[in-house]
Amino acid sequence: MSMRTNLVGIGIGALALSACSAGPGRVGKAPPPPVATAASETDAASDLLMQGKDAAARKKLKAILKRDPMSAAALMLIDSIDRDPKQLLGPQSYPYVVAPGDTMAGLAQRFLGNRLKAYQLVRYNGLKAPVTLAASQVLRIPGEPLRPPEPVRRAEPAPTRSAPTGPATPKPRVAAPKPTAPAAGAANPAAARQLRTAGLAALNQGNVDRAVGLLRRAAQLDPGNALIARDLGRAERIAATVRARK
């Protein structure tokens, strides 16, 4: 065997060894999947309900409650499936004409203070999910309609009189009456609705004590409101359960 043949064989062997030692190309690690939060999971369960997939939504909600038995949003969505919507939202209602662009979630946020109550609103109107609203469609909204503010009446200016020819007689000064503060227990339905909305938001965020305080103030300002009384009772039951578990 010639020297040239030996050199060629050695070169081929070196190339083979270098190819083996190089190994496969390195592939970057895939980013970890996003961690699901409780809020995103309850949103996903609500979306399943609005798609008409009650069984899948119930399975997801049970998994949430297994990890967090006091999840207010999950408990509310379970009630949306199992309980009578008129018990949840009250028997009194008024008509609403659907406008272009309206959705059940948007109406639930606007009138009920929580978009997760969209499925309750669907069942309240005797509909089945999935629901596509049409303009001019009439829905029933739980509660009482918001009253428009009364127009402010302006006092008419007094007629002008000609100046007297003789010396003017000074008029006695009359002290202006002091404004009286409203009574401590005076009803204020508008403020009560705002407090109820804030209380429900606090309850959905897990701040049960704050929710109870806000709903109690709302009940004082509108003692005859059945929706506020119902929400307050539910918040107090959740608060009692939380205290018992401590």
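Refer to the structure printed above.
Values in this document were obtained by computation on a predicted structure and should not be read as measured data.

Rules and cut-offs
- Residues numbered from 1 in each chain as written.
- Predicted model: local features only at pLDDT ≥ 70, side-chain atom pairs only at ≥ 80, totals over all residues.
- Heavy atoms only, no water.
- Axes fitted to C-alpha atoms, helices over the stretch in contact; angles between N-to-C directions.
- Helix = DSSP H or I, 4+ residues; strand = E, 2+ residues; numbered from the N terminus.
- Parallel < 35°, antiparallel > 145°, perpendicular 65-115°, else oblique.
- Left-handed = near helix turned anticlockwise from the far one by under 90°.
- Contact = heavy atoms within 4.5 Å.
- Nonpolar A, V, L, I, M, F, W, Y, C, P; charged D, E, K, R; others polar.
- Phe/Tyr/Trp six-rings, centres within 6.5 Å; stacked < 30°, edge-to-face > 60°.
- Buried < 20%, exposed > 50% of the residue type's maximum accessible area, 1.4 Å probe, protein only.
- Salt bridge = Lys/Arg side-chain N within 4 Å of Asp/Glu carboxyl O.
- Arc of directions from axis to C-beta.

### Quick notes on the packing of helix α9 (residues 208-221) against helix α10 (residues 226-245)
Then step 1. One can describe the packing of α9 onto α10 by two numbers: an axis separation of 9 Å at closest approach and a directional angle of 150 degrees. In terms of orientation, α9 and α10 fall into the roughly antiparallel class. The chirality of how α9 crosses α10 is left-handed. Across from Val208, Val212, Leu215, Arg216, Ala218 and Ala219 in α9, the residues of α10 making contact are Ile228, Asp231, Leu232, Ala235, Glu236, Ile238 and Ala239.
Then step 2. Tallied by class, residues from the contact of α9 with α10 come to 10 nonpolar, no polar and three charged.

### Some thoughts on the packing of aromatic side chains
Then step 1. As enumerated under the stated definition, the model contains two aromatic pairs in all.
Then step 2. For the pair Tyr94 and Phe111, a centre-to-centre distance of 6.5 Å together with 80 degrees between the ring planes defines the contact as edge-to-face. Here Tyr94, found in strand β1 (residues 93-97), pairs with Phe111, found in helix α6 (residues 104-112); they are 17 residues apart in sequence, far enough to count as distant.
Then step 3. Both rings, one in Tyr96 and one in Phe111, keep their centres 5.3 Å apart while their planes meet at 65 degrees; by these two values the pair is edge-to-face. Of this pair, Tyr96 sits in strand β1 while Phe111 sits in helix α6, and the two are 15 residues apart along the sequence.
Then step 4. A relative accessible area of 12% means that Tyr96 is categorised as buried.
Then step 5. Through a chain of ring-to-ring contacts, the aromatic side chains of Tyr94, Tyr96 and Phe111 assemble into a single cluster.

### Some points on the side chain of Ser46
Then step 1. Mapping Ser46 onto the fold places it in helix α2 (residues 38-50).
Then step 2. If we skip the residues at most four places from it in the chain, Ser46 touches Leu77 and Leu116.

### Some points on the pattern of salt bridges
Then step 1. Enumeration according to the criterion identifies eight salt bridges in this entry.
Then step 2. Between Asp79 and Arg83 there is a salt bridge, with the nearest N and O atoms lying 3.9 Å from each other.
Then step 3. Owing to a relative accessible area of 30%, Arg83 belongs among the partly exposed residues under this scheme.
Then step 4. The closest approach of N and O atoms between Arg230 and Asp231, which form a salt bridge, is 2.6 Å.

### Considering α6
Then step 1. Buried residues of α6: Met104, Leu107, Ala108 and Leu112, and no others. Taken around the axis of α6, the buried residues stretch over an arc of 100 degrees, which confines them to a single face.
Then step 2. Taken together, the buried residues of α6 touch α2, α5 (85-89), β1, α7 (118-124), β2 (138-142) and α8 (189-204).
Then step 3. Phi turns positive one or two residues past the end of α6, at Gly113, with a value near 80 degrees.

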